[in-house]
Amino acid sequence: MIEVHNMSVRYPGAKSDVLHEISFHVKPGEIIGFLGPSGAGKSTLQKVLCGVLRRYTGTVRVFNTEAKKRTHSFYENIGVDFEFPNFYGKFTALENLNFFSSLYHNGQKASPLLLLERVGLLGEEHKKVSSYSKGMKMRLGFVRALLHNPPLLFLDEPTSGLDPANARTVKDMILEEKQNGKTIILTTHNMHDAAQLCDRVAFIVDGRIKALDTPRSLQKDGSETRVIYTRISGGKEIENSCFLKELGEDGVFMAALKEGAITGIQSKGNTLEDVFISLTGRGLQ
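Summarised in this report is the structure supplied together with it. (Residues numbered from 1 in each chain as written. Predicted model: local features only at pLDDT ≥ 70, side-chain atom pairs only at ≥ 80, totals over all residues. Heavy atoms only, no water.)

What to know about the sheet that holds strand 12 (residues 236-243)
Right, so step 1: Pairing within the open sheet is antiparallel, and its 3 strands lie in the order 12-11-13. Two strands in the sheet have a free side with no partner beyond their single neighbour: strand 12 and strand 13 (262-268). Looking at each pair of strands side by side, their axes are set apart by 20° on average, direction ignored.
Right, so step 2: Across 6 bridges, strand 11 (residues 226-233) lies against strand 13 in antiparallel orientation. Of the residues in strand 13, the one forming a bridge with Arg226 is Lys268. (Pairing = 2+ DSSP bridges. Helix = DSSP H or I, 4+ residues; strand = E, 2+ residues; numbered from the N terminus. Axes fitted to C-alpha atoms, helices over the stretch in contact; angles between N-to-C directions.)

Structure (structure tokens):
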């Protein structure tokens, strides 16, 4: 679906590249996440992939077409949800969706009202978008990207500004799009979303890919899962821990388990953010 080889970007007047010799590929039906702090180059990368930014060196092929040579028909096949979506503020939500839908010519468009219902905006469709909160605009921007049923989606911080319930709805819809065969590029600094949604994630720092693998492989690499358990001893609750592989040999744990004195147990492995910090020395925010 996407092939990128030695791609670099430098903005006019800048002394150094924003992106440095980036290389990766994306398979059809895959969700790949680009994870990194603000300013790492994630949004620049997305703009290159969707044909907006064409000042780059190297090779960027999307649908077997060099991105800088894309034509208008290219946009029939992609859906884009930017972190700060733009709408016509004096139009209602439904008027906005109907207008944007009219720009596409394929015959498999989704129903704007059904999409609005999915994200909890049915009943708000006749309100002007200028009156919408940030979270409402984010949901509206997300469903706009789905209107023309594109095979490739670019989602930039799709759950930013959403409460947990609406974020869960959007993530469920993203996974449904994957099940329907869509390929999805997700740019985010939310490691929890990336771990839940992505088949593979790439860590981007200072315009370079520092690591690229499945979330599970990255979290397992170089780490061992610890078990934290609490037990009652002498009328007090005491916390102990050990490595998971050594749990059966932990005499304190086994004795407390036999006595029925275990009050809680949980495992703790590396999160994606833990791995990111260990590889880069920097946080994701």
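What follows picks up the thread again.
Some thoughts on helix 8 (residues 251-259)
Right, so step 1: For helix 8, the N-terminal capping position is held by Asp250, with its side-chain oxygen 3.1 Å away from the main-chain nitrogen of Val252.
Right, so step 2: Directly beyond the C-terminal end of helix 8, a positive phi value near 70° is found at Gly260. (Polar contact = N/O pair within 3.5 Å; in protein donor to acceptor, adjacent residues only side chain to side chain.)

Observations concerning the sheet that holds strand 3 (residues 31-35)
Right, so step 1: If you walk across this open sheet you meet the 6 strands as 6-7-8-3-9-10, and the pairing is mixed. The sheet is open, and its two edges are formed by strand 6 (78-81) and strand 10 (208-213), each paired on a single side. This sheet shows a mean twist of 15° between the axes of neighbouring strands, independent of strand direction.
Right, so step 2: Helix 9 (residues 272-280) rests against strand 3, strand 9 (200-205) and strand 10 of the sheet, and its axis sits at about 40° to strand 9. (Contact = heavy atoms within 4.5 Å.)

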